[in-house]
2 protein chains.
Amino acid sequence: MNSELSSQQVKDIGEQGLLERLQRFCPPEIIGDDAAVLETAPEQSLVVTTDVLVDGVHFSNLTTSPEDAGWRAAAANLSDLAAMGASPLGITVGLGLPGEVRVSWVERLYQGMTQCLQKYNTSIVGGDVVRSPVTTLAITAFGQVNPNQIIRRSAAVVGDAIVVTGVHGASKAGLELLLHPQLGQNLKDAERTALIHAHQRPQPRLDVLPILWKILNSQSKIQNLKSKIPVAGMDSSDGLADAIIQICRASGVGAVLEHRQISIPVAFDHWLTQEQALAYALYGGEDFELVLCLTQELASALVQHLGQGAAIVGNITSGSIVILHDEQKKFPDQVLSLSQGFQHFNS
Amino acid sequence: MNSELSSQQVKDIGEQGLLERLQRFCPPEIIGDDAAVLETAPEQSLVVTTDVLVDGVHFSNLTTSPEDAGWRAAAANLSDLAAMGASPLGITVGLGLPGEVRVSWVERLYQGMTQCLQKYNTSIVGGDVVRSPVTTLAITAFGQVNPNQIIRRSAAVVGDAIVVTGVHGASKAGLELLLHPQLGQNLKDAERTALIHAHQRPQPRLDVLPILWKILNSQSKIQNLKSKIPVAGMDSSDGLADAIIQICRASGVGAVLEHRQISIPVAFDHWLTQEQALAYALYGGEDFELVLCLTQELASALVQHLGQGAAIVGNITSGSIVILHDEQKKFPDQVLSLSQGFQHFNS
């Protein structure tokens, strides 16, 4: 890219010019009408999810390159689809931009989004670009799911095992290392890089779904599980504690988590105290793992198939509270609550 | 609503509190998961469209009540669905808000949206609310259409008649009357009210679709039109001239419009000059009528069924230019171009 092009501002090429640039990132067959048309197969439900991200609130040029901001925005929406059991059909992107934003910044943002989408065989299928005093990114993602395979928060039952599909706390750790490079002097270079990568390029766990369906199918041949999927869940985008509390609230149940079963990055051992590591894992957020509640038998099979940090971290109980228990008795039992998270508007 | 409630600001109740307030505007069965699930019938295509609206750019408290801003935003997206031949399944709403915005303002915005959606038997099925320095509204609408009935811009053929489904210029006239109340002293009160209403509460023309399919079905019994729908089109949200130029560009054809066939509100006769009336009709925008290109026979049948300002305004020709012709020779022929419209970023 020559320097003349990379220094262009949005106002230099106008809305139409910008849209033409951005069409390169869409499949050519869907361009040119008022709306995008997507084929849906018979007996499929449509799943939609939407996120709005604002410069200075949800991303910042200080800590996030435009490519990473784009990747993370796409990943968050794909993770919401995965959390419902849905396969992605595409996303729409609504973009509000000050006239002074560089065209190259916008192109890099779209590159990050499409890199993430391509990895999961999906794409940007529509959008809008408007003038705004603040850079704003509104993404809506669509997916489809067999109506019998929808994963809901409200389906957890007493006795279920709680499965996490990977480690928690890595994204938060990566952010801290970006903000405070002097931290983690004991970390190996590869560990530091991996934690930062976990923050910059989170992986929505769409790969879990075919494994989950396979395990359920082999089970349903033995028992009769045809009518209702015996899996509850959501993603851990707002933290592991939040996910478990939300599932319990929606299902009218409680939970007991076992401290030492919560899988964290190995690198935490020679950097963080146990308390810090636990706080990152429970409240850090943006790990985009799935938190699934299912029978002990299915849970064991799933964890075995997934490997790499997947674990049974606790059980669903009667009642309504979520207790963190330490089998080794180093820490007293504590009740988890959402107030240790954050509320955007009160800040 | 008591005064204590109506003076609440968003920051007073927090993100969660606001979301709980807004859930009242959604069907209860779709609340509580990461994404909304919508049933799609077999052999239906999914249609999606998205719009971003920014305070001070696309709406303003000076000219638009929050209810009207909400109605207009919903109507614009439903109009995009109508323009594709699609029936609405729902919309998602992403909202960026400064902490100082009144809760009652947001509720009134949602009331306007849901009033419009209810009229067309659809609803808000998901959303996101975030903090932002500027009020921003990102709407994504979904619809479904039989794949054989998708209306595309690119399907116009030489010899087609160009149909408008109603009058043009009313929305622009209504806006001018709101901005400059001293205008239009010759207008009757009912005329003034009707023009302002056309601006504040535009009607997406989803009602045209069943009429169109009925006419096509009765035709296809005579001829064999099963395989391909013989209709091109889009909506006139950016003006009638823009719609015809876009259709011609996408279809690789030209057009001749007949000046006196372009239907305008009767009230224009005792207010505007012919030149002003024409400019409002061609370039005013936001009338949200459909502009359809189809055979002369189908066009005549459609206009007859629709009545109320529906008209054949011209014909598709070979070539690539759009000519405005005056049969009465009061005005010389002119070539219409998009440059008489506007580009957001250059302003």
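Residues numbered from 1 in each chain as written. Chains lettered and ligands numbered in written order. Predicted model: local features only at pLDDT ≥ 70, side-chain atom pairs only at ≥ 80, totals over all residues.

*Asks:* Would you mind showing me how to read the overall build of chain A here?
*Replies:* Across its full length, chain A holds 10 helices and 12 strands. Going through the 347 residues of chain A one by one, you find that 53% of them count as buried. Contacts in chain A between residues far apart in sequence, at least 24 positions, make up 86% of those at least 6 positions apart. (Helix = DSSP H or I, 4+ residues; strand = E, 2+ residues; numbered from the N terminus. Buried ≥ 20, exposed ≤ 12 C-beta atoms within 10 Å, placed from the backbone. Contact = placed C-beta atoms within 7 Å.)

*Asks:* I'm lost on the nonpolar core in this one. Help?
*Replies:* Across soluble globular proteins, nonpolar side chains show a tendency to be buried alongside one another. I244 of chain A together with I244 of chain B are the most contacted members of the largest nonpolar core, which has 202 residues in total. When sequence neighbours within four positions are dropped, the list of residues in contact with I244 of chain A reads I162, A255, L257, V291 and V322 of chain A. (Core = buried A, V, L, I, M, F, W, Y, C linked by C-beta atoms within 7 Å.)

*Asks:* I'm lost on the domain arrangement of chain A in this one. Help?
*Replies:* When the parts of a complex come together, some accessible area is lost, and that lost area is often taken as the interface size. Residues and elements named next belong to chain A. Partitioning chain A into structural domains gives domain 1 (3-147) and domain 2 (151-346). Across the boundary between the two partners, domain 1 contributes 14 residues, which contact 18 residues of domain 2. Residue composition of the side of domain 1 that touches domain 2, by class: 8 nonpolar, 3 polar and 3 charged. (Domains from an automatic or database assignment. Nonpolar A, V, L, I, M, F, W, Y, C, P; charged D, E, K, R; others polar.)

*Asks:* Whenever I open this one, helix α5 (residues 170-179) of chain A confuses me. Can you help?
*Replies:* Side chains that are three or four residues apart share a direction in an α-helix, a result of its 3.6 residues per turn. The buried count for α5 of chain A comes to 8 of 10 residues, which makes it a mostly enclosed element. Buried residues along α5 of chain A sit in contact with α6 (189-200) and α9 (274-283) of chain A.

*Asks:* Where do I start with the confidence of the model for chain A in this structure?
*Replies:* Reading predicted coordinates in detail is not appropriate for stretches of low pLDDT. Confidence along chain A averages 87 in pLDDT terms, with 85% of residues attaining 70 or more. Contacts from residues 1-5 of chain A, a stretch scored under 50 in pLDDT, to residues over four places away or in other chains number 2 contacts. (pLDDT = per-residue confidence, 0-100.)

*Asks:* Could you clarify how one ought to interpret the sheet that holds strand β9 (residues 290-294) of chain A in this entry?
*Replies:* Strand pairing in a sheet takes place through backbone hydrogen bonds and is either antiparallel or parallel in direction. Residues and elements named next belong to chain A. Reading across the sheet, the 7 strands line up as β7-β9-β6-β10-β8-β11-β12 and stay open at both edges, with mixed pairing between neighbours. A single partner strand is all that each edge strand has here, and the edge strands are β7 (232-235) and β12 (334-335). Relative to strand β11 (residues 322-325), strand β8 (residues 254-258) runs parallel, the two being bridged by 4 bridges. Within β11, the position partnered with L257 by the bridge is L324. The strands that helix α3 (residues 66-84) touches are β7 and β9; relative to β7, the one it contacts most, it runs at about 175°. Relative to the sheet, helix α8 (residues 240-251) contacts β6 (161-164), β7, β8, β9 and β11, its axis offset from that of β7 by approximately 145°. (Pairing = 2+ DSSP bridges. Axes fitted to C-alpha atoms, helices over the stretch in contact; angles between N-to-C directions.)

*Asks:* Whenever I open this one, helix α3 (residues 66-84) of chain B confuses me. Can you help?
*Replies:* For α3 of chain B, built from 19 residues, the straight-helix expectation of 27 Å at 1.5 Å per residue is met to within 8% by its first-to-last C-alpha distance of 28 Å. Directly beyond the C-terminal end of α3 of chain B, a positive phi value near 85° is found at G85 of chain B. (Expected span 1.5 Å × (residues − 1).)

*Asks:* Sorry if this is basic, but what is going on with the sheet that holds strand β11 (residues 322-325) of chain B here?
*Replies:* All names here are of chain B. In space, the 7 strands of this open sheet follow the order β7-β9-β6-β10-β8-β11-β12, with mixed pairing throughout. Each end of this open sheet is capped by a strand with a single partner; those strands are β7 (232-235) and β12 (334-335). As paired elements, strand β6 (residues 161-164) and strand β9 (residues 290-294) share 4 bridges and run antiparallel to each other. Bridge pairing in β9 places V164 opposite V291. Sheet contacts for helix α8 (residues 240-251): β6, β7, β8 (254-258), β9 and β11; angle to β7, the most-contacted strand, approximately 145°. Packed onto the sheet, helix α10 (residues 296-306) meets β6, β9 and β10 (311-317) and runs at close to 15° relative to β6.

*Asks:* Help me understand the environment of V101 of chain B, please; the structure alone is not making it clear to me.
*Replies:* All names here are of chain B. Within the secondary structure, V101 is located in the loop between β3 (87-97) and α4 (103-119). Assessed through the 20 C-beta atoms surrounding it within 10 Å, V101 is described here as buried. Put simply, V101 and V134 are 33 residues apart on the chain and 9.7 Å apart in space, counted from C-alpha to C-alpha.

*Asks:* In this structure, what is going on with the pairing of β6 of chain B? I would like to understand it.
*Replies:* Two faces, one strand: in a regular strand the side chains alternate between the faces of the sheet. Residues and elements named next belong to chain B. Residues A161 and V163 point to one face of β6 and I162 and V164 to the other, with burial holding for every one of them. Examined bridge by bridge, β6 and β10 share 4 bridges and lie antiparallel to one another. Residue pairing for β10: I162 is matched across the bridge by G314.

*Asks:* Explain the pairing of β9 of chain A to me, please; I cannot follow it from the model alone.
*Replies:* All names here are of chain A. The element β9 is extensively covered by neighbouring structure, given that 5 of its 5 residues are classed as buried. Covered by surrounding structure in β9 are L290, L292 and L294 together with V291 and C293, the residues of both alternating faces. Summarising the sheet, β7 and β9 pair through 4 bridges and their orientation is antiparallel. Its bridge partner lying in β9, G233 is registered against L292.

*Asks:* Sorry if this is basic, but what is going on with unusual backbone geometry here?
*Replies:* Working note: non-glycine residues mostly have negative phi, and peptide bonds are mostly trans. Residues and elements named next belong to chain A. Of note, the phi angle at F288 is positive, near 55°, even though the residue is not glycine. Residue placement: F288 occurs in the loop between α9 and β9. If you check the backbone angles, Q308 has positive phi at about 45° while not being a glycine. Mapped onto the fold, Q308 is located in the loop between α10 (296-306) and β10 (311-317). A tally of 8 C-beta atoms within 10 Å means that Q308 is categorised as exposed.

*Asks:* What am I meant to see in the packing of helix α5 (residues 170-179) of chain B against helix α6 (residues 189-200) of chain B here?
*Replies:* In a packed pair of helices, the relevant descriptors are the angle between the two axes and the axis-to-axis distance. Residues and elements named next belong to chain B. Interaxial distance between α5 and α6 falls to 7 Å at its minimum, and their mutual angle equals 105°. It follows that α5 is roughly perpendicular to α6 by the angle criterion. Residue-level inspection shows A170, S171, A173, G174, L175, L177 and L178 of α5 in contact with α6, the latter providing R192, L195, I196, H197, A198, H199 and Q200. For the contact of α5 with α6, the residue count by class is 8 nonpolar, 5 polar and 1 charged. (Parallel < 35°, antiparallel > 145°, perpendicular 65-115°, else oblique.)

*Asks:* How should the packing of α3 of chain B against α4 of chain B be read in this particular structure?
*Replies:* All names here are of chain B. Axis separation between α3 and α4 bottoms out at 7 Å; the angle between their running directions is 40°. Relative to α4, the element α3 is oriented oblique. Regarding α3 and α4, the two cross each other, and that crossing is right-handed. Along the contact surface, α3 presents P66, E67, D68, A69, G70, W71, A73, A74 and A75, while α4 presents W105, R108, L109, Y110, Q111, G112, M113, Q115, C116 and L117. Class assignment for the residues of the contact of α3 with α4 results in 12 nonpolar, 4 polar and 3 charged. (Left-handed = near helix turned anticlockwise from the far one by under 90°.)

*Asks:* Even after reading the chapter, I still don't get the environment of P202 of chain A, so can you show me in this structure?
*Replies:* All names here are of chain A. Mapping P202 onto the fold places it in the loop between α6 and α7 (208-222). Sequence separation of P202 and I215 is 13 residues, and the distance between their C-alpha atoms is 25 Å. Excluding its chain neighbours within four sequence positions, the residues that come into contact with P202 are R72, A75, S171, E286, D287 and F288.

*Asks:* How should I be thinking about the environment of A198 of chain B in this particular structure?
*Replies:* All names here are of chain B. By the secondary structure assignment, A198 is in helix α6. Looking at A198, the number of C-beta atoms within 10 Å reads 23, which means it is buried. It is 14 Å that separates the C-alpha atoms of A198 and G239, two residues lying 41 residues apart in sequence. If sequence neighbours within four positions are ignored, A198 has contacts with A170, S171 and G174.

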